[in-house]
Structure formats: C-alpha cells, structure tokens
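Architecture at a glance
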Amino acid sequence: MTTRPTAAATAQAPAALTAPSITELEEQERRLTLRRFTHDDAWALGSLLVEMAREREAPVAVDIRRGGQQLFHAALPGSTPDNDAWIDRKRRVVERYGCSSYLVGSRFRAKGTTFEESSRLDPDRYAAHGGAFPIAVEGAGVIGTVVVSGLPQIADHALVVAALERFTAS
C-alpha cells in the first residue's frame, strides 16, 4: 500500500470508496481513452490533479509521462520521497501490462493470489497497487502514464479516474 494519509486527507476523501470490479476497471480504461495527448495536455491534466488534491488536502505526488519522458511532476505538502518510489513502481506495472496498476492487482486477487506472490517480478521495482493509469490514445494505444501516490490505493486510483473524467469532459 502507499503511505498513510494525514487526518485532513482522510477527512476530505470520499467517505465510502468501494473497490471497483474488474469489469468496472476495464470499462474505465475504455471510456477514458483520449483523442490526443500533447505536452500542453499533460500540463492541464497535472494541474487539474494538483487542484483536486489540494481541495482534498491530499498529501500526494503526481507524475505524468509520455513514453520515457516525464512531462509533469508535483509533490504536495505531506508527500515524501517514498511517494516518488511508489510512483516508479506503479508506473512500471502500467508500462509492462498496458493497464492500470489497480486492475493488474485486482486480476491477481481474483485468481486467489497476489501480484507479489505470482508475477515473478521484483517487488522493489513493481507494485500493482492503485494509482497508476494508462494514458491511451485512440489509434495509438497506451502512450504514457498518469500516477498518484500518497493515499490508500483505492483513493489514489479514484483521484486519477476523477481527474481524467473531468479532463475528458472539458
């Protein structure tokens, strides 16, 4: 799991987050495929995530990449260097599997195991915990990642999805 949230972050988070089903997670990824994704889009999405996190007083770090290039990074008050390490580990899962880190972990749990037990990947380099989401573009597939770290995994994932929903609606 990611680092524990502060009392303020917990108070600002939606009260009853429930774990989405694998079907719901897959539907999120289909629905949140973008028509394009530019450097300016990365800035807009990252800024939106920071704004939403500040509204919730969430102690998170935010990272957006396209290919091997980091296009956006922010660390809000209360986040730590550990959040950057979690970002890297969750991002690698998206890069390897082509879907959200939460979906990957959920698929392992649905098989009665865990990612750590069954993936055969180094847990110091890969973490199938919520918060990393693929940036997929129509006709191109997964071209990057958007990652949040600092809250419980379900809240990290929910924050990214909420931001992508607002981003795609604008």
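Every chain begins its residue count from 1, and numbering advances along the sequence as written. Side-chain atom pairs in this predicted model are given and counted only at pLDDT of 80 or more, local residue features only at pLDDT of at least 70, and totals for whole chains, interfaces and linings cover all residues. Note that water and hydrogens are dropped before the side-chain values are worked out from all heavy atoms of the structure.

1. Overview of the overall build of the protein
For clarity, the cut-off: The helix count covers DSSP runs of H or I at least four residues long, the strand count covers runs of E at least two residues long, and both are numbered beginning at the N terminus. Using C-alpha atoms as the atom set, the radius of gyration is obtained and then compared with a globule rule of 2.2 Å times the number of residues to the power 0.38. Remark: exposure states derive from per-residue accessible area (1.4 Å probe, protein chains only) relative to the maximum for the residue type, with buried under 20%, exposed over 50%, and partly exposed in between.
Within the protein, the regular secondary structure consists of seven helices and four strands. Starting at the N terminus and walking to the C terminus, you meet the elements of the protein as α-α-α-β-β-α-α-α-β-β-α. Computed over its C-alpha atoms, the radius of gyration of the protein comes to 15 Å, within 12% of the 15 Å expected for a compact globule of 170 residues. Evaluated residue by residue, the protein yields a buried proportion of 49% over its 170 residues.

2. Remarks on the sheet that holds strand β3 (residues 132-137)
Applicable threshold: DSSP-based pairing: two strands are paired if at least 2 bridges between them are found. Axis lines are fitted to C-alpha atoms, over the contacting stretch for helices. Their N-to-C directions set the angle, which ranges from 0 to 180 degrees.
The strand order across the open sheet built from four strands is β2-β1-β4-β3, with neighbouring strands paired in antiparallel fashion. Either end of the sheet is taken by a strand with one partner, and the two such strands are β2 (69-75) and β3. The average angle at which neighbouring strand axes cross in this sheet is 15°, direction not considered. In the sheet, strand β1 (residues 61-66) pairs with strand β4 (residues 141-149) via six bridges, with the strands oriented antiparallel.

3. A look at the confidence of the model for the protein
Selection rule: Every residue gets a pLDDT, meaning the predictor's confidence in that residue, from 0 to 100. In this description, contact between two residues means that some pair of their heavy atoms is separated by no more than 4.5 Å.
Within the protein, residue pLDDT values average 92, and 91% of them lie at 70 or more. Throughout residues 1-14 the model reports pLDDT below 50, and contacts reaching past four residues in sequence, or to other chains, amount to 34 contacts.

4. With respect to the nonpolar core
Just so we agree on the cut-off: Nonpolar cores were defined as sets of buried Ala, Val, Leu, Ile, Met, Phe, Trp, Tyr and Cys residues, with membership established by side-chain atoms within 4.5 Å.
Core analysis: the biggest nonpolar cluster contains 31 residues, and Phe37, Leu45, Ile64 and Val146 have the highest contact counts within it. At the level of secondary structure, the elements contributing two or more residues to this core comprise α3 (39-55), β1, β2, β3, β4 and α7 (153-169). When residues no more than four places from it in sequence are discounted, the contact partners of Phe37 are Ala42, Leu45, Ile64, Arg66, Leu71, Ile135, Val137 and Ile143. Counting twelve residues, the second-largest nonpolar core is a separate cluster that includes Phe108, Phe115, Tyr126 and Ile154.

5. Considerations on the layout of surface pockets
Any empty space left between the atoms is revealed when a probe the size of a water molecule rolls over them. To keep things clear, this is the line we draw: Cavity means a closed set of points on a 1 Å grid over the protein atoms alone, one where a 1.4 Å probe fits but cannot get out, pocket means an open set with protein on both sides within 12 Å along at least 5 of 7 lines, and lining means a residue has an atom within 4 Å of a point. Grid points are joined across faces, edges and corners, and a volume is the space filled by probe spheres set on the points. The classification used treats Ala, Val, Leu, Ile, Met, Phe, Trp, Tyr, Cys and Pro as nonpolar, Asp, Glu, Lys and Arg as charged, and all other residues, Gly among them, as polar.
Estimated volume of the largest pocket: approximately 270 Å³. A breakdown of the residues in the lining of the largest pocket according to their chemical character gives two nonpolar, three polar and five charged.

6. Thoughts on α3
What counts is decided by this rule: The length a helix should cover is 1.5 Å for every residue beyond the first.
Compared with an ideal rise of 1.5 Å per residue, which puts 17 residues at 24 Å, α3 spans 24 Å between its outermost C-alpha atoms and is within 8% of the ideal. For α3, the set of buried residues is Asp41, Ala42, Leu45, Gly46, Leu48, Leu49, Val50, Met52 and Ala53. In the core, the buried residues of α3 are packed alongside β1, β2, β4 and α7. A positive backbone phi angle near 55° is found at Glu57, which sits one or two residues after α3.

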